[in-house]
Amino acid sequence: MNWQELIFGKLSWSVLPQNPIAWGGAIYMVACILAVLAFVTFSGSWRWLWKEWFTSLDPKKIGIMYITVAGIMLVRGGVDALLLRAQQATSVGDSFGIVSANHFQQIFSAHGSIMIFFVAMGLMFGLINLVVPLQIGTRDVAFPFLNSLSFWLFFAGAALINCSLLLGDFSTAGWLAYPPLSELQYSPTVGVDYWIWGLQIGGLGSLLSGVNFIATIVKKRAKGMTWMRLPMFTWTTLGSMSLVVFAFPILTVTLALLWLDRTAGMHFFTAGGGGNMMMYVNLIWAWGHPEVYILILPAFGVFSEIVPVFSSKKLAGYTSMVLSIWAIVVLSFIVWLHHFFTMGAEADVNAFFGIMTAVIAVPTGVKIFNWLFTMYRGRIRFTTPMLWFIGFVVLFTLGGVAGVVMAEPPADYELHNSLFLVAHFHTMIVSGVLFGYFAGLTYWFPKFFGFTFDEKWGRRAFWLWLTGFILAFGPLYLLGLEGATRRLDHYSAALGWQPLFAVAGVGAVLIALGFCCQVAQLIASIRKRHANKVGSDPWRGRTLEWSVASPPPAYNFAALPLVHARDQFWAYKHTKIHHDMQAEDFHMPKESAAGLIIATFVFAFGFGAVWHIWWLVIFGALGAIVTALARTFDEDAEYVVTASEIVHREAGLRRDEAITV
Amino acid sequence: MSRFSVFLLCAGVALLVVATVIYAQHANIAILDPAGPVALAERNIIFTTLLLCALVVVPVFVMLFAFSWRYREGGHAALHEHHSEWDHYNWVAEVVWWVVPAIIIFILGIIAWQSSHALDPYKPLQANTPSMTIDVVALDWKWLFIYPEQGIASVNLVEFPVGTPVHFYLTADAPMNSFWIPQLGGQIMAMPGMTTQLNLMASRTGDFNGFSGNISGDGFSGMAFTARAVPQTQFDQWVTAAKTGLAPLTESSYASLAQPTEYNPVSYYWPVSVDLFGSVENKYMTPGSGMMMDPASTADGMQGMNMTP
């Protein structure tokens with residue numbers, strides 16, 4: 001090993017992008033970062049950002065940071081999607097499209113990994129951070145510092161994956177990187193290592209968040225909030241976080257084993273040397289299937305909040321809804337094999353997993369029926385969140401049917417690995433997860449900003465997303481039936497697939513326009529913030545978050561609420577029975593930069609592990625551990641807010657200005 | 001909703017319907033146009049499942065749109081029938097929507113159990129003609145078909161007699177692939193170091209498209225191949241023709257064939273060394289680990305290992 005390798009590992013000038021499109025991505029990313037840095041510097045906001053945001057332990061601010069990062073990652077994943085559509089629409093017959101096969105594979109691997117880990121997960125943790133503490137009537141999460149660390153680890157993972165735009169390449173092995181393709185023999189570059197460490201670091205953040213929110217929901221509920229008075233979004237969060245805690249360790253171990261294979265010459269999953277790639281496929285899906293439910297459950301929770309509020313009616317079948325969440329939680333762990341019925345398992349095994357998969361449709365169906373019967377005899381206001389809900393029911397039901405079809409193993413033999421499958425899971429994740437979180441963001445936006453999220457642009461966004469989705473994925477279902485497999489960078493003209501791919505491309509453009517409308521929605525909302533100012537309860541809400549000012553004070557509740565009923569705030573508005581406890585002194589966490597610092601060290605560790613810069617690996621690991629220990633011994637981490645101070649502050653806030661029933 | 005939006009919505013739906021009808025008349029939808037008993041049975045399962053699902057989906061759609069319209073704010077029903085607490089007396093409804101989907105899923109479960117066994121890809125097909133064996137090796141990035149009974153091999157073209165059950169044994173000397181001929185039946189993975197099996201039969205002659213379903217690297221898209229079902233006499237002629245050019249497939253010529261190539265043209269080999277398939281498979285077994293297979297018994301020797309995670 002020469003000194004260059006010692007210092008720079010595998011880094012050299014040749015790792016810079018090799019073609020115009022890759023350069024475009026790299027330059028665009030660097031330009032964006034420089035633009036943001038310049039803007040922050042010239043507007044003199046560094047101090048404000050550092051003090052109010054980066055070091056904040058307030059879950060409301062952490063939530064907004066999660067959503068901001070997820071939004072930026074949505075742009076990255078979305079541009080990837082447009083490139084994929086452009087390639088498949090043009091690369092037919094004699095034409096080989098706009099990117100090389102290798103680059104195409106990097107793009108779809110990045111698209112999947114980023115959309116799941118850094119968009120869907122980010123939106124989910126963002127909403128959970130914003131809403132759960134308020135819903136359960138507490139001032140903070142159980143471990144405020146851990147929460148900040150989770151966010152910064154999530155950010156470090158996202159940053160690491162995006163480094164691959166400029167330095168080196170990304171994995172070409174798909175979003176789950178099946179070996180032996182992802183092993184050193186077939187993927188000798190750093191691409192798979194970026195994938196491993198981006199996910200590993202982001203996943204660690206998710207695991208810590210899972211622990212944190214379980215502890216929060218179990219231990220920090222307001223007095224009187226028994227389990228069967230828990231708001232639905234909190235219930236689904238608890239289900240989802242339970243899955244996180246059980247599933248993510250599997251991912252951690254699997255990724256670690258794959259990295260050992262690649263770096264230390266081990267043979268867990270290699271072809272040859274005693275490795276077994278089928279073990280990897282089992283392990284990754286034992287995490288991967290619960291992951292889908294991790295994402296979808298909180299989205300179900302959002303709909304369970306929105307439908308009653310906008311139907312002016314309480315949720316139908318609360319008990320059924322709770323039961324169905326837990327049925328889904330349990331079942332989601334015994335269906336993983338349906339991702340590889342075609343691997344040659346015995347008929348008994350395939351049949352068992354097929355049946356279990358179909359069984360999940362029952363609790364999911366029950367949820368849909370209960371939402372519909374919440375609308376029954378209601379008084380429905382078709383605001384944007386309700387539109388997202390309607391779009392969700394239509395698409396999700398159809399996508400669910402496709403899922404039940406593929407749960408029959410022999411049907412899956414024909415549909416597996418085809419674009420039908422791709423269309424199916426996009427239907428579930430876009431209409432379920434994404435529409436759900438869009439609905440939730442619109443619904444809770446006024447709570448955290450004090451003005452509504454613009455309706456006009458919201459509607460435009462919805463219709464573009466809906467039509468775009470149908471045009472983009474309808475053709476993929478058909479192409480799958482025609483025998484088109486997924487991940488093709490090129491196909492023969494004789495197959496006659498090009499028109500459908502072209503329509504799918506148009507659909508993707510409409511979705512992109514829908515996203516532009518959402519950006520416009522944000523801008524319009526900020527411009528009209530004075531005209532659209534709202535009080536604490538703009539939607540005639542039912543749960544505790546609507547009882548505090550918009551935006552809520554850092555401490556959420558001046559006096560902790562006392563809960564008498566399931567929809568506590570609704571009950572309060574009807575009965576006017578006072579629901580606050582006596583104001584008391586309380587502790588609040590001080591801001592801390594330790595989370596950001598630890599995550600920076602972990603990022604250095606990950607970067608070193610990707611590029612084999614071993615001094616950086618050691619430096620990063622030591623730095624992270626030392627900072628964590630230092631933080632542990634910091635006894636000055638809290639400050640006291642006195643009751644009199646609160647009474648004084650609250651006098652300045654006009655609460656419950658316009659409570660309407 | 002403005003009148004213009006309603007118009008737009010109706011126009012959109014109408015356009016979608018027209019486009020679908022035109023598409024259905026012109027497209028060649030492989031999975032819905034089966035050319036063999038396996039693909040036919042699998043297509044029928046898709047149809048049956050769709051029909052059973054419709055029993056739930058149709059009511060959901062009807063209720064969604066009916067309730068949305070009837071109980072919209074400002075409508076007559078929303079004013080007169082609104083009941084903010086309606087829920088508790090309806091345990092009957094609650095039972096209905098747990099039980100009805102459960103019954104449908106129970107029926108689907110029975111279908112899943114029976115069809116998984118009936119259509120087990122490893123299960124040989126019954127027919128009047130005796131079955132034939134074809135060994136398949138997924139390479140970077142092409143398919144090698146070895147005919148042990150005929151002593152020939154071909155690349156990216158697999159030909160067999162119509163009406164004859166074909167028993168495929170599959171392995172890979174490359175990353176994981178998935179062997180799929182949509183019009184003949186479902187796919188199965190081809191993996192290095194192990195053998196999977198697939199039984200298919202063509203009930204009519206023709207050229208059918210075959211694909212690899214699982215990403216395997218740069219040349220993955222070029223792993224399309226042709227599956228050709230022909231009358232027995234024509235198949236015999238094809239075998240004879242394959243034997244005209246002397247291109248032996250030995251360990252060494254195999255090694256050069258196994259080098260990565262993209263969009264490989266169809267080519268033929270003859271004679272083929274007898275234990276080539278076994279040696280490809282054994283290449284990934286650790287010597288001395290007790291996992292070495294006797295090449296002669298590869299035919300079904302690996303069955304027991306296939307799902308041992």
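Residues numbered from 1 in each chain as written. Chains lettered and ligands numbered in written order. Predicted model: local features only at pLDDT ≥ 70, side-chain atom pairs only at ≥ 80, totals over all residues.

**As for the overall build of chain A**
Argument step 1. Broken down by element type, chain A carries 20 helices and two strands.
Argument step 2. Scaling as 2.2 N^0.38, a compact globule of 661 residues should have a C-alpha radius of gyration of about 26 Å, and chain A matches this with 25 Å.
Argument step 3. Dimensions of chain A, computed from the C-alpha atoms along their principal axes, are close to 70 × 60 × 50 Å.
Argument step 4. Looking at chain A as a whole, 62% of its 661 residues qualify as buried. (Helix = DSSP H or I, 4+ residues; strand = E, 2+ residues; numbered from the N terminus. Rg over C-alpha atoms; globule rule 2.2 N^0.38 Å. Buried ≥ 20, exposed ≤ 12 C-beta atoms within 10 Å, placed from the backbone.)

**Brief notes about the domain arrangement of chain B**
Residues and elements named next belong to chain B.
Argument step 1. Assigned domains within chain B: domain 1 (35-73 + 92-119) and domain 2 (132-296).
Argument step 2. Summarising the inter-unit geometry, the C-alpha centres of domain 1 and domain 2 are found 38 Å apart.
Argument step 3. Facing six residues of domain 1, the contacting portion of domain 2 comprises eleven residues.
Argument step 4. Split into classes, the residues belonging to the side of domain 1 that touches domain 2 amount to four nonpolar, one polar and one charged. (Domains from an automatic or database assignment. Contact = placed C-beta atoms within 7 Å. Nonpolar A, V, L, I, M, F, W, Y, C, P; charged D, E, K, R; others polar.)

**Considerations on helix 19 (residues 614-632) of chain A**
Residue and element names in this part refer to chain A.
Argument step 1. Here helix 19 spans 27 Å end to end across 19 residues, near enough to the 27 Å set by a 1.5 Å rise per residue.
Argument step 2. If you check which residues of helix 19 are buried, you get Leu 616, Gly 620, Ala 624 and Thr 627. The arc that holds every buried residue of helix 19, seen down its axis, measures 75 degrees, which confines them to one face. Residues of helix 19 that are exposed and point more than 90 degrees away from the buried face comprise Trp 615, Ile 618, Leu 622, Ile 625, Leu 629, Ala 630 and Thr 632.
Argument step 3. Tucked inside the fold, the buried residues of helix 19 contact helix 18 (594-611). (Expected span 1.5 Å × (residues − 1). Arc of directions from axis to C-beta.)

**Notes on helix 4 (residues 91-118) of chain B**
Argument step 1. An ideal rise of 1.5 Å per residue puts 40 Å on 28 residues; helix 4 of chain B measures up with 40 Å between its terminal C-alpha atoms.
Argument step 2. Burial in helix 4 of chain B covers these residues: Trp 97, Pro 101, Ile 104, Ile 105, Leu 108, Gly 109, Ile 111, Ala 112, Ser 115 and Ser 116 of chain B.
Argument step 3. On its buried face, helix 4 of chain B sits against helix 11 (347-375), helix 12 (384-407) and helix 13 (409-415) of chain A together with helix 2 (37-70) of chain B.

**Some words on the environment of Pro 290 of chain A**
All names here are of chain A.
Argument step 1. Assignment of secondary structure puts Pro 290 in helix 9 (residues 277-311).
Argument step 2. Overall, Pro 290 belongs to the buried group, with 26 C-beta atoms counted inside 10 Å.
Argument step 3. On a C-alpha basis, the gap between Pro 290 and Ile 334 in space is 9.1 Å, while along the polypeptide they are 44 residues apart.
Argument step 4. Those residues in contact with Pro 290 that sit more than four places away from it in its chain are Leu 243, Phe 246, Ala 247, Ser 332 and Phe 333.

**Points about the sheet that holds strand 1 (residues 132-139) of chain B**
All names here are of chain B.
Argument step 1. The six strands lie next to each other as 8-5-1-2-3-11, forming an open sheet whose pairing is mixed. Of all strands in the sheet, those bounded by a partner on one side alone are strand 8 (196-200) and strand 11 (267-269). Sheet twist, expressed as the average angle between the axes of neighbouring strands with direction ignored, equals 25 degrees.
Argument step 2. Direction of pairing for strand 1 relative to strand 5 (residues 166-172): parallel, over a ladder of seven bridges. Following the sheet pairing, Ala 138 is matched in strand 5 by Ala 172. (Pairing = 2+ DSSP bridges. Axes fitted to C-alpha atoms, helices over the stretch in contact; angles between N-to-C directions.)

**Some points on the confidence of the model for chain B**
Residue and element names in this part refer to chain B.
Argument step 1. Counting all residues, the mean pLDDT for chain B is 88, and 90% of those residues have values of 70 or more.
Argument step 2. The low-confidence segment residues 288-309 (pLDDT under 50) makes 34 contacts with residues lying over four places distant or belonging to another chain.
Argument step 3. The ipTM for the predicted assembly is 0.92, set against a pTM of 0.94. (pLDDT = per-residue confidence, 0-100.)

**Section: the pairing of strand 8 of chain B**
For a regular strand, the rule is simple: side chains alternate between the two faces of the sheet.
Residue and element names in this part refer to chain B.
Argument step 1. By the criterion of burial, strand 8 is predominantly enclosed, with five of the five residues buried.
Argument step 2. By the alternation rule, side chains of strand 8 split into Thr 196, Leu 198 and Leu 200 and Gln 197 and Asn 199, which are all buried.
Argument step 3. One ladder, built from five bridges, connects strand 5 with strand 8; its direction is antiparallel. When the sheet's bridge partners are listed, Tyr 169 is paired in strand 8 with Gln 197.

**Quick notes on the packing of helix 8 (residues 232-264) of chain A against helix 9 of chain A**
All names here are of chain A.
Argument step 1. Here helix 8 crosses helix 9 at 160 degrees, and the two axes come no closer than 8 Å. By the angle between their axes, helix 8 is roughly antiparallel relative to helix 9. Viewed along their axes, helix 8 and helix 9 form a crossing whose handedness is left-handed.
Argument step 2. Looking at the contact of helix 8 with helix 9 residue by residue, the class counts come to 23 nonpolar, seven polar and two charged. (Parallel < 35°, antiparallel > 145°, perpendicular 65-115°, else oblique. Left-handed = near helix turned anticlockwise from the far one by under 90°.)

**A look at the sheet that holds strand 6 (residues 177-181) of chain B**
All names here are of chain B.
Argument step 1. With mixed pairing, the five strands of this open sheet are ordered in space as 4-10-9-6-7. Where the open sheet ends on each side, the last strands, each with one partner, are strand 4 (157-161) and strand 7 (185-190). The mean inter-strand angle of the sheet, taken between neighbouring strand axes irrespective of direction, is 20 degrees.
Argument step 2. Inspection of the sheet shows strand 6 paired to strand 9 (residues 206-212) by two bridges, in the antiparallel sense. Bridging across to strand 9, Phe 179 finds its partner in Ser 212.
Argument step 3. In the packing of helix 5 (residues 232-242) onto the sheet, contacts are made with strand 4 and strand 10 (225-230), and the angle to strand 4 comes to roughly 135 degrees.

**Things to note about the pairing of strand 2 (residues 142-147) of chain B**
All names here are of chain B.
Argument step 1. The buried count for strand 2 comes to six of six residues, which makes it a mostly enclosed element.
Argument step 2. Examined bridge by bridge, strand 1 and strand 2 share five bridges and lie antiparallel to one another. Counterpart to Leu 139 in the pairing with strand 2 is Lys 142.
Argument step 3. Bridging between strand 2 and strand 3 (residues 152-155) involves four bridges; their strand directions are antiparallel. When the sheet's bridge partners are listed, Phe 145 is paired in strand 3 with Ser 154.

**Things to note about the packing of helix 5 (residues 101-135) of chain A against helix 8 of chain A**
Residue and element names in this part refer to chain A.
Argument step 1. Their axes nearest at 9 Å, the elements helix 5 and helix 8 cross at an angle of 120 degrees. One way to sum up the angle between helix 5 and helix 8 is to call them oblique. The crossing of helix 5 and helix 8 is left-handed. Where helix 5 abuts helix 8, its residues Ile 128, Val 131, Val 132 and Gln 135 lie against Phe 233, Thr 234 and Thr 237.
Argument step 2. Class assignment for the residues of the contact of helix 5 with helix 8 results in four nonpolar, three polar and no charged.

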